[in-house]
Amino acid sequence: LYRETAAFESAAKGETSPDAFRQLRNLQWLLMVSGQSEKALANARRTLEISRSAAAAPSISPVRLADFAYWLLTLEPLELRDPKTALKWAQRANESANSQHADVMVTLALALEENGRLNEALEVIQASAKLPDSLYLYGVERRLVAVLSSLGRQVDADRLLRERLSHRLDVQEADEVM
């Protein structure tokens, strides 16, 4: 079904479309978990070619570029991961978003972390935590905890999580304001 959906999305919208890419990623996961490693590797290589082609476009949206970067950081099989390219893409995405999109910044923090640049990752994730759109993004908390833990600062992670929870509880939902 994933193969058919990916083929349909590619034919209908082009193989670099977000929907086609999503289906290829889903197919990749399914092939890996079902033990079809040779097919998974072939699919991953094809998807890598597509993502590199799409990422090269100057007009690519920051969210799509960050999505490609995230995929490069989390790709299975592990040997196909490319943290250096992912970092370049995440930096470009963040610059394009003017450091104002929390999801993009979460990906940049992960890329920095995967490239051993923990202090920079911490700066980025802390900045993202201050953005309004990060309030309900649990990826922000996951990255904060991961980076602070890697730096041996679990007490700070606990404090920051408590602060974010308190802030969430203080913010009224849109329906509550009325």
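Our subject is the structure listed above.
Residues numbered from 1 in each chain as written. Predicted model: local features only at pLDDT ≥ 70, side-chain atom pairs only at ≥ 80, totals over all residues. Heavy atoms only, no water.

## Quick word on the pattern of salt bridges
Now for step 1: Scanning the entire structure with this criterion turns up 11 salt bridges.
Now for step 2: Arg143 is the partner of Glu113 in a salt bridge, and the nearest nitrogen-oxygen pair spans 2.9 Å. Of the two residues, Glu113 is situated in helix α6 (residues 102-114) and Arg143 in helix α8 (residues 138-150); the sequence distance between them amounts to 30 residues.
Now for step 3: A residue is classified by how much of its surface remains accessible, and Arg143, at 15% relative accessible area, is buried.
Now for step 4: The partner of Arg159 in a salt bridge is Asp156, and the shortest N-O contact between them spans 3.8 Å. (Salt bridge = Lys/Arg side-chain N within 4 Å of Asp/Glu carboxyl O. Helix = DSSP H or I, 4+ residues; strand = E, 2+ residues; numbered from the N terminus. Buried < 20%, exposed > 50% of the residue type's maximum accessible area, 1.4 Å probe, protein only.)

## Regarding unusual backbone geometry
Now for step 1: The omega angle of the peptide bond from Glu76 to Pro77 is 5 degrees, so this bond is cis rather than trans.
Now for step 2: For Asn98, which is not glycine, the phi dihedral falls at a positive 55 degrees.
Now for step 3: Relative to the assigned elements, Asn98 resides in the loop between α5 (83-96) and α6.
Now for step 4: Look at Ser99: it is not a glycine, yet its phi comes out positive at around 50 degrees.
Now for step 5: Looking at the secondary structure, you find Ser99 in the loop between α5 and α6.

## Some details on helix α4 (residues 62-74)
Now for step 1: With 13 residues, α4 should cover 18 Å at 1.5 Å per step; its first-to-last C-alpha distance of 18 Å lies within 8% of that length.
Now for step 2: Among all positions in α4, only Leu65, Ala66, Phe68, Ala69, Trp71, Leu72 and Leu73 are buried.
Now for step 3: Tucked inside the fold, the buried residues of α4 contact α2 (18-33), α3 (37-55), α5 and α6. (Expected span 1.5 Å × (residues − 1). Contact = heavy atoms within 4.5 Å.)

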